[in-house]
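# Observations on the model geometry
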Amino acid sequence: MTRAVLLVLDSFGIGNAPDADAFGDAGSDTLGHIARHRAAAGRPLALPNLARLGLYHAHHLATGEWAAGVTPPDTLNGAYAAAAEISSGKDTPSGHWEIAGVPALFEWGYFLDKTQSFPPDLLDALIERADLPGVLGNCHASGIPVLEELGEEHIASGKPIVYTSADSVFQIAAHETHFGLDRLYALCEIARELLMPYNIGRVIARPFIGETPQTFERTGNRRDYAIEPPTPTVLQKLHDSGGTVLGVGKIGDIYAHCGVSKVLKAHGHDALFDATLNAIDEAGERSLANKQTLVMTNFVDFDTLYGHRRDPDGYAEALEAFDRRLPEVLAKLRPEDLLILTADHGNDPTWTGTDHTRERVPVLASGARLTPGPLGDDEGRLTTFADIGQSLATHFGLSPMEHGQSLLPISSKGES
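Below is a short write-up of the structure. (Residues numbered from 1 in each chain as written. Predicted model: local features only at pLDDT ≥ 70, side-chain atom pairs only at ≥ 80, totals over all residues. Heavy atoms only, no water.)

## As for the overall build of the chain
When helices and strands are counted, the chain shows 13 helices and 15 strands. Over its C-alpha atoms the chain spans a radius of gyration of 21 Å, differing by no more than 12% from the 22 Å that the globule rule assigns to 416 residues. Once the C-alpha set of the chain is aligned to its principal axes, its extents read approximately 60 × 50 × 35 Å. By residue count, 59% of the 416 residues in the chain fall in the buried class. Considering only contacts within the chain whose residues lie at least 6 apart along the sequence, 69% involve residues at least 24 apart. Of the roughly 15800 Å² that the chain leaves accessible, carbon and sulfur atoms contribute 49%. Across the chain, the 33 positively charged side chains and the 56 negatively charged ones have centroids separated by 5 Å. (Helix = DSSP H or I, 4+ residues; strand = E, 2+ residues; numbered from the N terminus. Rg over C-alpha atoms; globule rule 2.2 N^0.38 Å. Buried < 20%, exposed > 50% of the residue type's maximum accessible area, 1.4 Å probe, protein only. Contact = heavy atoms within 4.5 Å. Areas by Shrake-Rupley, 256 points an atom, 1.4 Å probe, with all protein chains shown as cover. Lys, Arg positive; Asp, Glu negative; His and termini not counted. Charge placed at Lys NZ, Arg CZ, Asp CG, Glu CD.)

## Concerning the side chain of serine 366
Along the chain, serine 366 turns up in strand S13 (residues 361–367). On the accessibility criterion, serine 366 (15% relative accessible area) is buried. Once residues lying within four places of it in the same chain are set aside, the contact partners of serine 366 are Leu53, Asn77, Gly78, Asp337, Leu338 and Leu339.

## Here we look at the environment of serine 94
With respect to the helices, strands and loops of the structure, serine 94 is situated in helix H4 (residues 92–99). C-alpha separation for the pair serine 94 and tryptophan 108, spaced 14 residues apart in sequence, amounts to 9.4 Å. Apart from the residues lying within four places of it in its own chain, the contact partners of serine 94 are Glu85, Ser87, Gly89, Ala104 and Trp108. A distance of 2.8 Å separates the side chain of serine 94 from the side chain of tryptophan 108, its partner in a polar contact. (Polar contact = N/O pair within 3.5 Å; in protein donor to acceptor, adjacent residues only side chain to side chain.)

## Let's talk about the packing of aromatic side chains
Scanning the model with the defined rule gives 14 aromatic pairs in all. With centroids separated by 6.1 Å and ring planes inclined at 50°, the aromatic side chains of phenylalanine 111 and tyrosine 198 adopt a geometry described as tilted. Of the two residues, phenylalanine 111 sits in the loop between H4 and helix H5 (120–130) while tyrosine 198 sits in the loop between helix H7 (176–194) and strand S6 (202–209), which places them 87 residues apart along the sequence. Using a relative accessible area of 5% as the deciding quantity, one classes phenylalanine 111 as buried. Classification of tyrosine 198 by relative accessible area gives partly exposed; the value is 31%. The interplanar angle of 50° and the centroid separation of 6.5 Å between the aromatic rings of tyrosine 306 and tyrosine 315 together place this pair among those described as tilted. Accessibility assignment for this pair places tyrosine 306 and tyrosine 315 in one class, buried. Cluster of aromatic residues (ring-pair linked, three or more members): Phe12, Phe273, Phe299, Phe302, Tyr306, Tyr315 and Phe322. Cation over ring: arginine 183 sits above phenylalanine 179, and NZ or CZ is 4.1 Å from the ring centre. Its guanidinium or amino end placed over the ring of tyrosine 185, arginine 223 lies 3.8 Å from that ring's centre, counting from NZ or CZ. (Phe/Tyr/Trp six-rings, centres within 6.5 Å; stacked < 30°, edge-to-face > 60°. Lys NZ or Arg CZ within 6 Å of the ring centre and 35° of its normal.)

Quick look at the structure:
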């Protein structure tokens, strides 16, 4: 039985990417700026378990500096790298596809106008197909402010709120009770079909509850409707070879359920951690004893609750809470298992605006006979996230991916 656990800390960048200037993100540094913010407040960031896996060393590779207020450990128990992205975007699908060995090397479609963002023909077709009284929003917006501004009008009129961002995305917010959750999902499916000619990466259902701007809040029933990856990811290859992919959280949605054998839904980081631990246990049960199993989890709150909302204190506290629970995962792993922690893009909570930031991401790994220290051929500086997917392909003895280089010393297929 061969197992791997891949944990994605959504938006946890470690310093601007080599091409950050092209995205307006030169100088962004999610980890570094959170650490600096906390050090200035006299409360240095405390991530001892991530540090021993090599987090601070990876950040030093990316930036040439040690994060403010932190002391790197004298010895490591993990291998580390700082990975740059070759995909064209700095969004969730691009990052996750590249992690799984399939970079998005084409240009996504975007809605660039800040107001009146969507083509009238698109909205007219959506309104007609879904039998809507109209729509609200039609602009670039951040999730909570747009609810505070338009939520009451939405409830009174029955018009859903449609909005976008700098990412290739079409978001629809609607009240779970007054509009209906199933109706929202059906509306998003129509939108997904209508948006195919525009090459938009995701349609996102954003359900919310509450009756006033002060009480509106988004729920855990979000659903993403993503485009399928253009070629088989390492998840798809493992699934098609008879292996099992256990997707925790929104992993299934991100990959359009291609190659995900089973979805384990959870909302909030503690629940996601619990579901991950259960998935690791399931990967060791007799029913999967002769199968190769990948457990993959996305920890989305780093991005949605703290990055986009520009909340460095909340982000820091969430990182520290994650770090405190990390030993629970480590305790369930055997020496031959492969553990990888990474991120899909940055979202510097001290940066301007509310959008993602183009950054390098950490790659922290242990198990599978890896030696603690830098990964890869260039002292830990990886030129693509796809090295992760290639490493998983090596670990499971699958045919090589088109992109990336394996970071593993040997194939571990069949070892026990």
